[in-house]
Amino acid sequence: MNPFSLKNKTIMITGASSGIGEATAIACDQQGATLLLLGRNEERLNGTLDKLSNRKHRILAIDLTEFEELPEQLSVFLKDELIIDGIVHAAGITSTYPFRLFKPEQLDHILKVNVQTAFYLTKLVLPKLNKQASSLVFISSIMASVGEVAKTMYAMSKGAVSAGAKSLAIEYASRNVRVNTIAPGIVNTPMTANATYKTNENLLAETLAKYPLGFGEPEDVAYSCVFLLSDASKWITGTEIVIDGGYSAK
Ligand SMILES: NC(=O)c1ccc[n+]([C@@H]2O[C@H](COP(=O)([O-])OP(=O)(O)OC[C@H]3O[C@@H](n4cnc5c(N)ncnc54)[C@H](OP(=O)(O)O)[C@@H]3O)[C@@H](O)[C@H]2O)c1
């Protein structure tokens, strides 16, 4: 018996076309899960699919911010009899803006993508969750609890994800739904490929010096997703796993 196995589990992953979501798809596939992979870009979703072994996985190319179309598109995608054992919400965007450039519409946009899509999708999928046990994993960020220059709007969005997930965990514990967040520090993905600190040698050295174990790789986050989705974490809910190579320990 392997408590970390995802055999016989159906897992939905958003942001599966890139970075952490793609790595999570690969790790879940290795543990035997059947996957429902969501992302905007169909070509990149197919690229993820090509890296997986199980042929039962399915993809849905969808912009999760299109709230009016989401219920219909999902109900077509999720067949009536389908039972979902877990969701990983990895879809998200970042923003790096000095606060003097703050604009309400930019805050609206990042809250829409990072917060509303994840919680609205959760609401729509709730009736499909396995009534015996299910697990929801929201990818938040270390920025939800630690400050950085020019990250006010992004931090607000991730703070909302981490706080919302806690209350959701309490509200749905009686229905055997576990809800947890993961708070990564800097992970090498397409999201961070063009970050300011990667364009300047001194800035890169300065940023790396804040990371005792260096920057993370997508699989460092993916393996914790597997843990939170698996029965090995069956007594864990309402909490956050920090994965930041020691960044916040200083
Ligand atoms: N990388 C880091 O250092 C880091 C650190 C802490 C937290 N995080 C969080 O981890 C999550 C994944 O980040 P990542 O680094 O893997 O980023 P990424 O490589 O840029 O991937 C982002 C994913 O989100 C999807 N997405 C974005 N907007 C969407 C929308 N409106 N509808 C549907 N899908 C959408 C993208 O789909 P398409 O490819 O189809 O556009 C892509 O699959 C994000 O929530 C991010 O905030 C990342």
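The sections below set out a description of the structure shown in this document. Per chain, residue numbering runs from 1 following the sequence as it is written. For a predicted model such as this one, the threshold for reporting local features is a pLDDT of at least 70, and the threshold for listing and counting side-chain atom pairs is 80 or more; totals across whole chains, interfaces and linings nevertheless cover every residue. Side-chain figures throughout are based on the complete set of non-hydrogen atoms in the structure, without hydrogens or water.

### Notes on helix 4 (residues 104-125)
Part 1 of the reasoning: Helical segments are the DSSP runs of H or I of at least four residues, strand segments are the runs of E of at least two, and each set is numbered from the N terminus. Expected span, for any helix, means 1.5 Å times one less than how many residues it has. Its 22 residues place the ends of helix 4 30 Å apart at the C-alpha level, agreeing with the 32 Å of an ideal helix rising 1.5 Å per residue.
Part 2 of the reasoning: The angle between axes fitted to the seven-residue stretch ending at a residue and the seven-residue stretch beginning at it gives the bend at that residue. Maximum bend of helix 4: about 40°, positioned at Lys112.
Part 3 of the reasoning: Those residues of helix 4 not exposed but buried are Leu107, Ile110, Val113, Asn114, Val115, Thr117, Ala118, Leu121, Thr122 and Val125.
Part 4 of the reasoning: Should any heavy atoms of two residues lie within 4.5 Å, those residues are considered in contact. Residues of helix 4 that are buried sit in contact with strand 1 (10-14), strand 2 (34-39), helix 3 (70-77), strand 4 (86-89), strand 5 (134-139) and helix 5 (152-172). With a 1.4 Å probe rolled over the protein chains alone, any residue whose accessible area is under 20% of its type maximum counts as buried; one over 50% counts as exposed, and the rest are partly exposed.

### Focus on the packing of aromatic side chains
Part 1 of the reasoning: Each Phe, Tyr or Trp ring (for Trp, its six-membered ring) is paired with any other whose centre lies within 6.5 Å, and the angle between the two planes then decides the class: stacked below 30 degrees, edge-to-face above 60, tilted in between. All told, the structure shown has seven aromatic pairs when counted by the stated rule.
Part 2 of the reasoning: A ring pair is formed by Phe67 and Tyr120, whose centres lie 5.4 Å apart and whose planes are at 85°; its orientation type is edge-to-face. Taken together, the positions of Phe67 in the loop between strand 3 (58-61) and helix 3 and Tyr120 in helix 4 put the pair 53 residues apart, joining distant regions of the chain.
Part 3 of the reasoning: For Phe67, a relative accessible area of 22% puts it in the partly exposed group.

### Side note on unusual backbone geometry
Comment: phi is negative for the bulk of residues other than glycine, and the bulk of peptide bonds are trans.
Part 1 of the reasoning: Backbone geometry at Asn8 places phi at a positive 70°, although glycine is not the residue there.
Part 2 of the reasoning: Within the secondary structure layout, Asn8 lies in the segment before strand 1.
Part 3 of the reasoning: Here Asn8 falls in the exposed class, since its relative accessible area comes to 74%.
Part 4 of the reasoning: Even without being glycine, Asn176 reaches a positive phi, approximately 65°.
Part 5 of the reasoning: A relative accessible area of 37% places Asn176 in the partly exposed class.

### Thoughts on the pattern of salt bridges
Part 1 of the reasoning: We define a salt bridge as a contact between a side-chain nitrogen of Lys or Arg and a carboxyl oxygen of Asp or Glu at a distance within 4 Å. The tally for this structure, following the rule as stated, stands at three salt bridges.
Part 2 of the reasoning: Ionic pairing is found between Lys51 and Glu22, a salt bridge with its closest N-O pair at 3.0 Å. Of this pair, Lys51 sits in the loop between helix 2 (42-50) and strand 3 while Glu22 sits in helix 1 (residues 19-30), and the two are 29 residues apart along the sequence.
Part 3 of the reasoning: Glu22 sits in the buried class, given a relative accessible area of 17%.
Part 4 of the reasoning: The salt bridge partner of Glu148 is Lys210, with a shortest N-O separation of 3.4 Å. You can see Glu148 sitting in the loop between strand 5 and helix 5 and its partner Lys210 sitting in the loop between helix 7 (201-208) and helix 8 (218-229), a full 62 residues away along the chain.

### Focus on the site of the ligand
Part 1 of the reasoning: Any residue with a non-hydrogen atom lying within 4 Å of a molecule or strand is treated as near it. Around the ligand, the structure places 30 residues, and the nearest of them are Ser17, Ser18, Asn41, Tyr154 and Thr189.
Part 2 of the reasoning: The contact in question runs from an oxygen atom of the ligand to an N or O atom on the backbone of Arg40, over 2.8 Å.
Part 3 of the reasoning: Computed with the Shrake-Rupley method and a 1.4 Å probe, the accessible areas treat only the protein chains shown as cover for residues. In isolation the ligand has 890 Å² of accessible area, and contact with the protein removes 94% of it.
Part 4 of the reasoning: Taken together, the elements giving at least two residues each to the shell around the ligand come down to helix 1, helix 5 and helix 6 (190-193).
Part 5 of the reasoning: Element by element, the count of residues in the shell around the ligand is highest for helix 6, at three residues.
Part 6 of the reasoning: Here the nonpolar group is Ala, Val, Leu, Ile, Met, Phe, Trp, Tyr, Cys and Pro; Asp, Glu, Lys and Arg are the charged ones; every other residue, Gly included, is treated as polar. In terms of residue class, the shell around the ligand is built from 13 nonpolar, 13 polar and four charged. Here a polar contact is taken to be a pair of N or O atoms separated by no more than 3.5 Å, where protein atoms must pair a possible hydrogen donor with a possible acceptor and residues adjacent in sequence count only if both atoms sit in side chains.

### Some details on the sheet that holds strand 1
Part 1 of the reasoning: Reading across the sheet, the seven strands line up as 3-2-1-4-5-6-7 and stay open at both edges, with parallel pairing between neighbours. Two strands bound the open sheet, and with one partner strand each, they are strand 3 and strand 7 (240-243). Ignoring which end each strand starts from, the neighbouring axes of this sheet average 15° apart.
Part 2 of the reasoning: Alignment of strand 1 against strand 2, held across five bridges, turns out to be parallel. If you follow Thr14 over to strand 2, its bridge partner there is Leu38.
Part 3 of the reasoning: Axis definition: a line fitted to C-alpha atoms, limited for helices to the stretch in contact. Angles are taken between N-to-C directions and run from 0 to 180 degrees. Relative to strand 3, helix 3 is tilted by about 165°, and along the sheet it contacts strand 1, strand 2 and strand 3.
Part 4 of the reasoning: Sitting on the sheet, helix 5 is in contact with strand 5, strand 6 (177-184) and strand 7, with an inclination near 160° to strand 6. Paired strands, in this sense, are two strands between which DSSP finds at least two bridges.

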